[in-house]
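Per-entry structural report
Here is how the chains run, residue by residue.
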Amino acid sequence: MSSTGTEPNRPFGRLLTAMVTPLRPDGSLDLDGAGRLATYLVDEQGNDGLVISGTTGEAPTTSDGEKEALLRAVVEAVGDRAKVVAGVGTNDTHHSVELTRAAEKAGAHGVLLVTPYYNKPPQSGLVAHFTAVADASELPVMLYDIPHRTGTAIATDTLVRLAEHERVVAVKDAKGDLTATSWVTSRCDLAYYSGDDAVTLPLLSVGGVGLVGTSTHLTGARAKRMILAHEAGDVAGALALHRELLPLFTGIFRSQGVVLVKAALALLDLPSGPVRPPMVDATEAEIDALRADCAQAGIVLPGTVSRADAEQSAW
């Protein structure tokens, strides 16, 4: 049933960040750092929730035990004031069911379930996979539609069908097809969250309710203001914030998001650490570009040279 004309359904709030997983220099989990970073994202950057063990959280290279320990640390740190959503998506239904049950025991408030990747199941397989996971616990499910990574889009009719399940409540939408999104939001009450930072404002205009972001490690407070401005009917104000943040909405993906987010957090003396192979840490050239992108978005990272200083040193 469509929620058109009523207060939008926001089961996870307006703003969530797909949190990186802090690591120690030797590559092991930094659980204390995870708690401190989660606290910063909620208390300083205005996040209503956090996604733990998503792709930005390096889920492909963390063990099931590490995922559970990380989730427990974040729930302990911020679970009393923010939604903590566990990434449980794999291309093995049985494994995703196990991860979902473990997340429920660890105190998660919901799960993020990406389309099975590489094996590219048909739409009937997607329905079976998503339904099995939704049936495995009492946790609400956010589907993650990102075909450029998984190889398979969740079809409009499939999404509408899945919306009939009482625990399938939301979509993280990184499909890049606002027409398809418009059809879904007009036909059911799934809560749509942008999975692409730069598309948040356009998505809001066709029925979206918020953002699950990456650059929001740095831009969260202003991204939330943008969402609130749009809700209040201040379209010009929302557009101004969108344009202000656009250099970082896009620039954070010059490399994989986790690589540049961790580089920025390290410069800000916030918990981050290295990335795990096959990811590689940011190069000096990438960090220089990151500083420039941040500066354009109004964020000055340590080591940034202002235009005036650069001109003076050139003389």
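Counting starts from 1 at the beginning of each chain's written sequence and moves along it residue by residue. Only residues with pLDDT of 70 or above have their local features reported here, since the model is predicted, and side-chain atom pairs are shown and tallied only from 80 upward, although totals for entire chains, interfaces and linings are computed over all residues. Note that the side-chain values use all heavy atoms of the structure and ignore hydrogens as well as water.

With respect to empty space enclosed by the protein
The rule is simple: put a 1 Å grid over the protein atoms alone, call a set of points where a 1.4 Å probe fits but cannot get out a cavity, call an open set with protein on both sides within 12 Å along at least five of seven lines a pocket, and count a residue as lining if it has an atom within 4 Å of a point. Grid points are joined across faces, edges and corners, and a volume is the space filled by probe spheres set on the points. Enumeration over the complete set of coordinates arrives at 2 cavities of 30 Å³ or more. Quantified by volume, the largest cavity comes out at close to 110 Å³. Along its surface, the largest cavity is lined by I52, S53, D64, K67, E68, L71, A86, G87, V88, L99, A102 and A103. A run of DSSP states H or I qualifies as a helix once it reaches four residues; a run of E qualifies as a strand once it reaches two. Both are numbered from the N-terminal end. Broken down by secondary-structure element, the contributors of at least two residues to the lining of the largest cavity are α2 (64–78), β3 (83–87) and α3 (93–106). Per-element accounting of the lining of the largest cavity gives the leading share, 4 residues, to α2. The residue classification treats Ala, Val, Leu, Ile, Met, Phe, Trp, Tyr, Cys and Pro as nonpolar and Asp, Glu, Lys and Arg as charged. All others, Gly included, are polar. Residue composition of the lining of the largest cavity, by class: 7 nonpolar, 2 polar and 3 charged. Of the voids in this model, the second largest cavity is the one considered here, and its volume is about 30 Å³.

Some points on the UniProt feature "active site" (unreviewed entry) in the chain
UniProt positions are given in the numbering used here, feature names are shortened, and annotations may be inferred rather than shown by experiment. Mapped onto this numbering, the UniProt entry gives "active site" (unreviewed entry) at Y144 and K172. On the basis of their most widely separated C-alpha atoms, the annotated residues across 29 residues gather in one place, lying no more than 4.7 Å apart. Relative to the helices and strands, Y144 is located in strand β5 (residues 141–145). In this analysis, two residues are considered to be in contact whenever any of their non-hydrogen atoms come within 4.5 Å of each other. Contacts of Y144, omitting those with residues within four sequence positions, involve L112, L113, V114, T115, I154, K172 and A174. Each residue touching K172, except ones within four places of it in the same chain, is listed here: A18, L112, M142, L143, Y144, D145, Y193, G195 and V212.

Here we look at the UniProt feature "site: Part of a proton relay during catalysis" (unreviewed entry) in the chain
The UniProt record annotates "site: Part of a proton relay during catalysis" (unreviewed entry) at T55 and Y118. For T55, the position within the fold is in the loop between β2 (49–52) and α2. Remark: exposure states derive from per-residue accessible area (1.4 Å probe, protein chains only) relative to the maximum for the residue type, with buried under 20%, exposed over 50%, and partly exposed in between. Given the relative accessible area of 37%, T55 is considered partly exposed. Assignment of secondary structure puts Y118 in the loop between β4 (110–114) and α4 (123–135). Residues contacting Y118, with those up to four places away along its chain left out, are N91 and T150.

A look at the nonpolar core
Note that soluble globular proteins tend to have their nonpolar side chains buried in a common cluster. Each nonpolar core is a collection of buried residues, namely Ala, Val, Leu, Ile, Met, Phe, Trp, Tyr and Cys, held together in the definition by side-chain atoms within 4.5 Å. Formed by 65 residues in total, the largest nonpolar core has its most connected members in M19, L50, V74, L143, L190 and L290. Considering each element in turn, this core owes the most residues, 7 residues, to helix α11 (residues 257–267). Excluding residues that lie within four positions of it along the chain, L50 makes contacts with L16, T17, M19, A38, L41, V42, V74, V78, K83, V84 and V85. Core analysis: the next-biggest nonpolar cluster, separate from the first, contains 17 residues, F12, A18, Y144 and Y193 among them.

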